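The residues making up each chain are set out below.
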Amino acid sequence: MTSVTMTVNGKSVSGDVEGRTLLVDFLRNDLRLTGTHVGCDTSQCGACVVHVNGEAVKACAMFAAEADGADVATIEGQANADGSLSVIQQAFQDHHGLQCGFCTPGMVMSAAALLKDNPKPTEGEIREYLEGNICRCTGYHNIVKAIMAASGQDVAAIAAE
Amino acid sequence: MPKDSGIGASTKRREDLRFLTGAGNYTDDINIHGQAHVHFLRADVAHATINGIDLADAEKMPGVLRIFTGADFEPVGGLPCGWQVTDKHGEPMQEPKHPIIAHGKIRHVGEIVAAVVAESLAQARDAAEVIGLNLTELPAVVDMKTAVADGTTKVHDDLTSNLCYDWGFVEENKDAVDEAIKNAAHVTTLELVNNRLVANPMEPRVAVGEYSRSDDMHTLHTTSQNPHVIRLLMGAFVLGIPEHKLRVVAPDVGGGFGTKIFHYAEEAFCTFAAKAVNRPVKWTSTRSEAFMSDAHGRDHVTKIELAMDADNNFTAIRTETYANMGAYLSTFAPSVPTWLHGTLMAGNYKTPLIYVNVKAVFTNTVPVDAYRGAGRPEATFQLERVIDMAARERGVDPIALRRQNFVTEFPYATPVAVEYDTGDYEATMAKLEEIADMGGFAARRAESEKNGKLRGLGVNCYIEACGIAPSNLVGQLGARAGLYDAATVRVNATGSISVMVGAHSHGQGHETSFPQVISEMIGIPEDQIDIVHGDTSKIPFGMGTYGSRSLAVCGSAMVRAAEKVINKAKKIAAHLLEASDADIELKDGQFSVAGTDKSVAWGDVTLAAYVPHNYPLEDIEPGLEETAFYDPANFTYPAGAYACEVEVDPDTGKVTIERFSAADDFGNIINPMIVSGQVHGGIAQGIGQALLENCAYDENGQLLSASYMDYTMPRADDLPFYSVDHSCQTPCTHNPLGVKGCGEAGAIGSPPSVVNAVIDALQSGGKNVAHIDMPLTPSRVWNAMNNA
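Conventions we followed
- Residues numbered from 1 in each chain as written.
- Chains lettered and ligands numbered in written order.
- Predicted model: local features only at pLDDT ≥ 70, side-chain atom pairs only at ≥ 80, totals over all residues.
- Heavy atoms only, no water.
- Helix = DSSP H or I, 4+ residues; strand = E, 2+ residues; numbered from the N terminus.
- Buried < 20%, exposed > 50% of the residue type's maximum accessible area, 1.4 Å probe, protein only.
- Expected span 1.5 Å × (residues − 1).
- Contact = heavy atoms within 4.5 Å.
- Buried area = accessible area lost by both parts, 1.4 Å probe.
- Salt bridge = Lys/Arg side-chain N within 4 Å of Asp/Glu carboxyl O.
- Polar contact = N/O pair within 3.5 Å; in protein donor to acceptor, adjacent residues only side chain to side chain.
- Nonpolar A, V, L, I, M, F, W, Y, C, P; charged D, E, K, R; others polar.
- Patch = residues over 30% accessible without salt bridge, like charges linked within 9 Å, V, L, I, M, F, W, Y side chains within 5 Å.
- Areas by Shrake-Rupley, 256 points an atom, 1.4 Å probe, with all protein chains shown as cover.
- Domains from an automatic or database assignment.
- Core = buried A, V, L, I, M, F, W, Y, C linked by side-chain atoms within 4.5 Å.

## Considering unusual backbone geometry
Residue and element names in this part refer to chain B. With an omega of 0°, the peptide bond running from F410 to P411 counts as cis. As for its placement among the helices and strands, P411 is situated in the loop between α10 (398–405) and β18 (412–413). Omega for the bond connecting A469 with P470 falls within 30 degrees of zero, at -10°, which places this linkage in the cis form. Along the chain, the position of P470 falls in the loop between β20 (454–463) and α13 (471–476). Within the chain, D216 stands out as a residue other than glycine whose phi angle is a positive 55°. Summarising the element assignment, D216 is placed in the loop between β10 (206–212) and β11 (217–222). A relative accessible area of 33% means that D216 is categorised as partly exposed.

## Here's the deal with helix α6 (residues 227–239) of chain B
Residue and element names in this part refer to chain B. The end-to-end C-alpha separation of α6 is 16 Å, well short of the 18 Å expected for 13 residues at 1.5 Å each. Of all the positions in α6, only P227, H228, V229, I230, R231, L233, M234, G235, V238 and L239 are classed as buried. Among the residues trailing α6, G240 stands out with phi positive, at a value near 65°.

## Details of the interface of chain A and chain B
The interface is formed by 52 residues belonging to chain A together with 58 residues belonging to chain B. For the pairing of chain A and chain B, the buried interface totals around 4500 Å² over both sides, and the portion due to carbon and sulfur atoms is 57%. At the surface where chain A touches chain B, the tally comes to 5 salt bridges. The closest approach of N and O atoms between K12 of chain B and D94 of chain A, which form a salt bridge, is 2.8 Å. For the pair chain A and chain B, the interface holds 29 residue pairs in polar contact (both at pLDDT 80 or more). Here the side of chain A that touches chain B is built from residues that sort into 22 nonpolar, 17 polar and 13 charged.

## Brief notes about a nonpolar patch on the surface
Side chains of L607, Y610 and V611 of chain B sit close together on the surface and give an oily, nonpolar patch of about 240 Å² of accessible area. Counting through the fold element by element, Y610 of chain B comes out in helix α16 (residues 602–610).

## Looking at the domain arrangement of chain B
All names here are of chain B. One can read the domain layout of chain B as domain 1 (16–22 + 484–630), domain 2 (31–138 + 207–283) and domain 3 (296–468 + 634–787). Both sides of the domain 2 and domain 3 interface together cover about 2200 Å² of buried area, and 66% of this is carbon and sulfur. Among the residues of domain 2 in contact with domain 3, W83, F257 and F262 are the three that bury the most area, contributing 28% of the side total. Applying the counting rule to domain 2 against domain 3 returns 8 residue pairs in polar contact (both at pLDDT 80 or more). The class makeup of the residues in the side of domain 2 that touches domain 3 is 14 nonpolar, 8 polar and 6 charged.

## Regarding the nonpolar core
Judged by nonpolar contacts, the single largest core of 187 residues is most densely connected at F92 of chain A together with V648 of chain B. A total of 8 residues in this core trace back to one element, the largest contributor, which is helix α9 (residues 376–394) of chain B. Those residues within four positions of F92 of chain A in sequence are excluded, and the remaining contacts are G97, L98, M107, V108, A111, I143, A146 and I147 of chain A together with L20 of chain B.

Printed below as a string of structure tokens:
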């Protein structure tokens, strides 16, 4: 067992992990932060995307031990301090960017990472960026629309409610 | 002016708040104190005799509590099949035993061979690695036509062959259909494959079994679309647990698409093992396990013939389909290629004579069952492809050919047993032409050609039958269950309402849309109404959510229960207002006496029901809670018209979707935002089937596509924005809301237009390609172009 300490959503946490323990398992099982999901075992679905030191990372593709000392952000820490939804979260609700909700935490975390680097992405840039996040419910229409809206773009012309 | 609440409002979804903040409660988020973990050792060969299983080393591994094999499940039942099809000779289908754990023989890759229960998942996995399997491999049966040839290895030794059933529909029409085809002016024939798919909800299946010795109570937490169905099947047929000692909970479920309807071995195992080891037992599927244990979808091989007279009127349709059942019969598998497929072969057209033959076949593959649309996409695909091909052969416009043959008068009795109550196929086609901007297609094609690309436009219509019913009819057709639903409307003393519904929401937004209906009926704010679902201990009963049935069937039960509540509340109001029941009106949450200014608020009446000091106790009971069961009189028949525009790169064969438009008629609509979202998702799955997705086996029964590395899921950059419209509304005539259902339409309606568009593109480039089987991958398209 290895002892790890990291900051998760602004709080210092620590625990003992096996070498093979993935970051996503540490978050879900040890810290009980179950908002980060596991949808595949080949690092492709993106349901487990979190931020590690400000970068979007698939938490199934990183050992917990590798995150020792890191600053980790998960979906549980995305809302505003008063509990209201962040701009991106609110846009997902306003534009029906989620259905079953399972891929949603990863989508929101990816969207946040995208908008940090590219504050006004085009439709094509958003679609390309989301290559690593699979959604089976929405057909992506309203996810792309929500991210465009969250970046301040006018989405009224995009068809449908 | 759009409404801001009630029926017809695009109310934002309340469930989003928990999903967006990581506060959802999915089954894998449930951890019970003292729980153990199970890892299933699964077969890595398709067909083998099990000579022996050596557990000695594995049982000594750290943390192992117990290892189970097929022998441990000898005393309990196998997984039951919920639908018995009768073949064309009047004989019942062949129905093999479906063990929880393979016993004696392995029949598909992924079948459970042993189950290791250990303190931790890692320990269970480690122990499974040292289990010794002594197997004798047998030849695998993979190809369906080979499977039913004489002398082929049998998947089940105790059956007479690999043929589950040979079904003819309508058998009495066969000779007349044969005659009409023989005498037709023109017959278009198409042979095609409807590719095998994997549903792939993003949440893999999970089961957590629990047993309480204090009250002999079993609880199963599971990723199910229909917890009562699981309780019934597992309790009555597998484990012999009476329903009052078995609770099944399906909390937040991360998508279903049909594959979470069925009762699976892992659910029965965890429930059984929890008692056997006296610990809660948890299983979480990996994605790789999901590919080899979730029921697959589609997998039909079909020949369809469309006969026309000299004026291009459809005169007859004859089809022959081989439908893959896989190695065992999954819960509703036999119904999919028959009653959910044959009954839809009329489509939107007045073809007078139809005969459908389906041969269901056992193979050494994962069981196949309903996947979004279930039988209806297969019917729609062959019909809408053969019509397009016929138009090309006859040199007529494919839309005009469809229009000419549309059913225009309702109700319409098809020659395949069903009767369409309402529809307006011309209206949805006209709407499609508008939203797809078909007038601008020629200019867009010219632009594509300037860029060295081929552009094609494909159109199709679809009809589906949703909310399968009534129960007495489906019973005659072989269903071993009723297909009603139930709801309880519980009004609390202060006027807020909890509605316990048998439908299950796993992305459909029932928690938002169902209260819109109650709010409209009573006139209180939506946030005063909550939906409770997914727990057999909390809701009266329910058949769950599939087949686009939730609103049409369970919503109707909810309306009936609410009507009972309102009728009783009016009696209470009449007493409080000293008026006659018949004079009481309810509007905007106020009961008033017609023609007077006397009124009493909803909350005062509900309070009176629970604090009955001034109350007609001699006439009515206190309290305000009513339950209704609703069994529909007929299916509902959503319909529509879809258009796809593609570009094909002639150098690579790569197809890109440039535009996709959908004009649907869902009858009345409760929440347009949610309806659009349902259509979007269905379209993406349909485009996925048409271009990307394929569940592939090799000739030895090895599953070649068992991860997202091999099975292409549609990504955001494979898809465009869609244009969807549901303003054409012909309300259903036989349910109280006039609703038809919208969950599957997108997946049913989209594959043919994609393929039609690609064929149109290739033909425009001078390539004489009549058909390409899905998925239309670059290599398939390129080969078709270059062999044309």
